[in-house]
Amino acid sequence: VGPNAFLSPTSCVATPVQGRGKGSNGRLGEPIGSGRLLTCGPRSGLAQLSQGAQRESEMAEAAAGSFLQPLCWLWVLLCAGSWSLISGQATDVIQVPENGSANLPCKAIAGQGTPSRQEWRFQGSGTTEFVYFQNELTDNYKNRAVFHVNELVLNSVTRKDSGQYTCQVVGTKGLAENVVDLIVQVPPSKPKAQVPSSVTIGNKAVLMCVETDGSPRPTFRWYKNDIVMPVDPLTNTLFKNSSYKLDSKTGVLMFEPATSFDAGDYACEADNGVGPSQKSEAVHLEPTEVNVGGIVAAVVLLLIVFGLAGFGIWFAYSRGFFSKRRDTGNKKVIYSQPSARSDVSKEKAGIPELFHRKASFPSFDVGHGGDVMG
């Protein structure tokens, strides 16, 4: 059956037979070879493929799959290679004790021949700087680092040297780089348990374990009355009545809500596998209930105070204590002698001599206290 058979008005199906014969339903049967019969019919049979056509289709799909599978794997490898070229090789992690030496490998040099450019770069907490640049060590590393083509050696490392070191090479294969994470091991110092001084029952209480020297970052444990607290309180019958969350990575212990059962002495411990673990001093936590009676009494007392103050102001105002008064104590009263012109006018007016004041009146100055000044 050729490929053009599917385009003709009829379709033919080859089926195994025991002998010569005709097809059913008026179809013509023609024996072809030993034990196989070619049956042709209307094109309505196109909707159903024969077993032979199905086998041919499956074989074609298998051949196509066997051809495409290597191409897919080749595509994956090319993508992985491109990503490796962009992002660099896998990061190496090196841990050394403080004041020791660290050997940082430069794997990017592999297969690059004699590189035209090679650099080392350091990135720490808030710091980015070159270690090896323009074929020489920078000033901060000249006295404590040794450069080799395939590695960088740091002597007498401290906790400040912890960070990410990148070796970048330009050679026959183009640009390549690899990253090394250096962890300078420092044992933890004695932590401090930060416990709130007062907590109200029903509110949230947050306890923190603070430690700043350990490298790598330590993990934390909490103790209540010298008993280790499990991460999940439901796993221990001593703490199943408490509802707290403990984060061993951050050292945060949170009670939400705090209850009277949570009262006790709390201490925390820091451990990073370098040197002995360190435990803090115990701090007491005492959740208390809300004093409703005290709050009501304080509010009533405050209202009474405000009421008395308002009444006192009203009383003083009603009695005129806030009105302005004129001060006349400093004013002077001056009496002067009558003039001669007024006497003449009196004579012309017919006023008797008896009422004339020939003598002069002394002048008076009334000062403070009613004293008369002559």
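**Some remarks on the state of the cysteines**
Item 1. Taken as a whole and assessed by the stated rule, the structure comprises 2 disulfides.
Item 2. Disulfide pairing places Cys106 opposite Cys167 at an S-S distance of 1.9 Å. The sign of the S-S torsion, about -60 degrees, decides the handedness of the disulfide formed by Cys106 and Cys167: left-handed. Here Cys167 lies in strand β11 (residues 163-171) and Cys106 lies in the loop between β5 (102-105) and β6 (117-124), a separation of 61 residues in the sequence. Here the two residues Cys106 and Cys167 agree in accessibility, since each one is buried.

**Thoughts on the side chain of Gln168**
Item 1. You can see Gln168 is positioned in strand β11.
Item 2. There is a polar contact of 3.4 Å between the side chain of Gln168 and the side chain of Arg117.
Item 3. Once residues lying within four places of it in the same chain are set aside, the contact partners of Gln168 are Arg117, Gln118, Glu119, Arg121, Leu175, Ala176 and Glu177.

**A look at the environment of Val184**
Item 1. Assignment of secondary structure puts Val184 in strand β12 (residues 174-185).
Item 2. The class of Val184 is buried, set by a relative accessible area of 0%.
Item 3. A C-alpha to C-alpha distance of 8.2 Å links Val184 and Lys160, two positions 24 residues apart in sequence.
Item 4. Look past the residues within four positions of Val184 in its chain and what remains in contact with it is Val96, Pro97, Glu98, Val157, Thr158, Arg159, Asp161, Ser162 and Ser215.

**Describing the nonpolar core**
Item 1. Counting 25 residues, the largest nonpolar core has Leu104, Trp120, Val131, Leu154, Tyr165 and Leu182 as its most contacted members.
Item 2. For this core, the element with the highest residue contribution is β12, accounting for 4 residues.
Item 3. The contacts of Leu104, once residues within four sequence positions are left out, are Ile94, Trp120, Asn150, Glu151, Leu152, Leu154, Tyr165, Val180 and Leu182.
Item 4. Ranked by size, the runner-up nonpolar core spans 19 residues in total, among them Phe220, Leu246, Phe255 and Ala270.

Criteria and cut-off values
- Residues numbered from 1 in each chain as written.
- Predicted model: local features only at pLDDT ≥ 70, side-chain atom pairs only at ≥ 80, totals over all residues.
- Heavy atoms only, no water.
- Disulfide = S-S within 2.5 Å.
- Helix = DSSP H or I, 4+ residues; strand = E, 2+ residues; numbered from the N terminus.
- Buried < 20%, exposed > 50% of the residue type's maximum accessible area, 1.4 Å probe, protein only.
- Polar contact = N/O pair within 3.5 Å; in protein donor to acceptor, adjacent residues only side chain to side chain.
- Contact = heavy atoms within 4.5 Å.
- Core = buried A, V, L, I, M, F, W, Y, C linked by side-chain atoms within 4.5 Å.

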